[in-house]
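Read off the chains here:
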Amino acid sequence: KVADLKGTKQGQLNLAVITTAKYFVPRLLGSFCQHYPGIDVALKVTNHREIQQRMSDNKDDLYVVSNPHKDIDLKSQAFLNNPLVVVAKKEHPLAGKKNLDIQELNNCPFIMREQGSGTRDAILELFEQHNISVKVKLELGSNEAIKQAISGGLGISILSEHCLISERVSGELTVLDFQHFPIKRRWFVCRLAGKKLSVIAETFLEYLLEESPKMSFPESSILARLAK
Ligand code: PGA
């Protein structure tokens, strides 16, 4: 079936993915579109709440999320890990220390994602479990902007490890080694349970499940150094 598609079928693939998936979905689409040049893709990158709205409105063929919504009838398949880590400026006083007590996060200047973000929900859930309250200096709707704010010295944050993929050895950020981290999460590819997928969407779903585990995520130098 997949072979039939090659070079023959034309059509549109509509995808909506959470903010962290932008670090790999476009790369995967690159090779997919080389295999199937007749397919045009529309990719929406946004947070969990907006994806939920798009699901309710039946806007897209496939969705990539970390928290598949319980109140929408979905078929979901997990495919890659998407852990959350504590990110700080390299010069942070806790940088390089091992196995930090989570209580050290109390009252830390913190940069938080916006309401509707799944990252934010996961952070707040962990903070609630451990009675942590941080000083939110700034709320931002973008992981990249949060990285800049950390570099600028506004505070620390908690981000998906995938957000650090593009950091260089000379980068300004580091990962702090706290207890209870990384927060373990996964990416799921979802579709509405009652919707029949187009051949094109079906083909992309197969491609994603097969190819994503093989993708080499250029390992962040920060994480590599931390592991030493
Ligand atoms: P968010 O999702 O953009 O809603 O925070 C990102 C993630 O869960 O990895």
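Residues numbered from 1 in each chain as written. Predicted model: local features only at pLDDT ≥ 70, side-chain atom pairs only at ≥ 80, totals over all residues. Heavy atoms only, no water.

Caption draft 1: Region of the structure containing the site of the ligand. Lining the immediate surroundings of the ligand are Ile 18, Thr 19, Thr 20, Asn 47, His 48, Ser 66, Asn 82, Arg 113, Ser 117, Gly 118, Thr 119 and Arg 185. Residue His 48 places a side-chain N or O atom 2.7 Å away from an oxygen atom belonging to the ligand. A distance of 2.7 Å separates an oxygen atom of the ligand from a polar atom in the side chain of Ser 117. Surface burial for the ligand is 100%, taken as the share of its 280 Å² of free accessible area covered by protein chains. Residue composition of the shell around the ligand, grouped by class: one nonpolar, nine polar and two charged. (Near = heavy atom within 4 Å. Polar contact = N/O pair within 3.5 Å; in protein donor to acceptor, adjacent residues only side chain to side chain. Areas by Shrake-Rupley, 256 points an atom, 1.4 Å probe, with all protein chains shown as cover. Nonpolar A, V, L, I, M, F, W, Y, C, P; charged D, E, K, R; others polar.)

Caption draft 2: View of the pairing of strand S7 (residues 135–140). Strand direction decides the pairing type here: strand S6 (residues 109–113) and S7, joined by five bridges, are parallel. Each residue of the ladder has a partner; that of Arg 113, found in S7, is Leu 140. Remark: the S6/helix H4 (residues 118–129)/S7 crossover connection has right-handed handedness. (Pairing = 2+ DSSP bridges. Helix = DSSP H or I, 4+ residues; strand = E, 2+ residues; numbered from the N terminus. Right-handed = clockwise from strand over helix to strand, strands pointing away.)

Caption draft 3: Fine view of the pairing of strand S10 (residues 186–192). Of all seven residues in S10, six are buried; the element is thus mostly enclosed. As defined by bridge partners, strand S3 (residues 62–65) adjoins S10 across three bridges and the pair is classed as antiparallel. Paired with Tyr 63 across the two strands is Cys 190, which belongs to S10. As judged from the seven bridges shared by strand S4 (residues 74–81) and S10, these two strands associate in the antiparallel manner. From the neighbouring strand, Ser 76 faces S10, where its bridge partner is Cys 190. (Buried < 20%, exposed > 50% of the residue type's maximum accessible area, 1.4 Å probe, protein only.)

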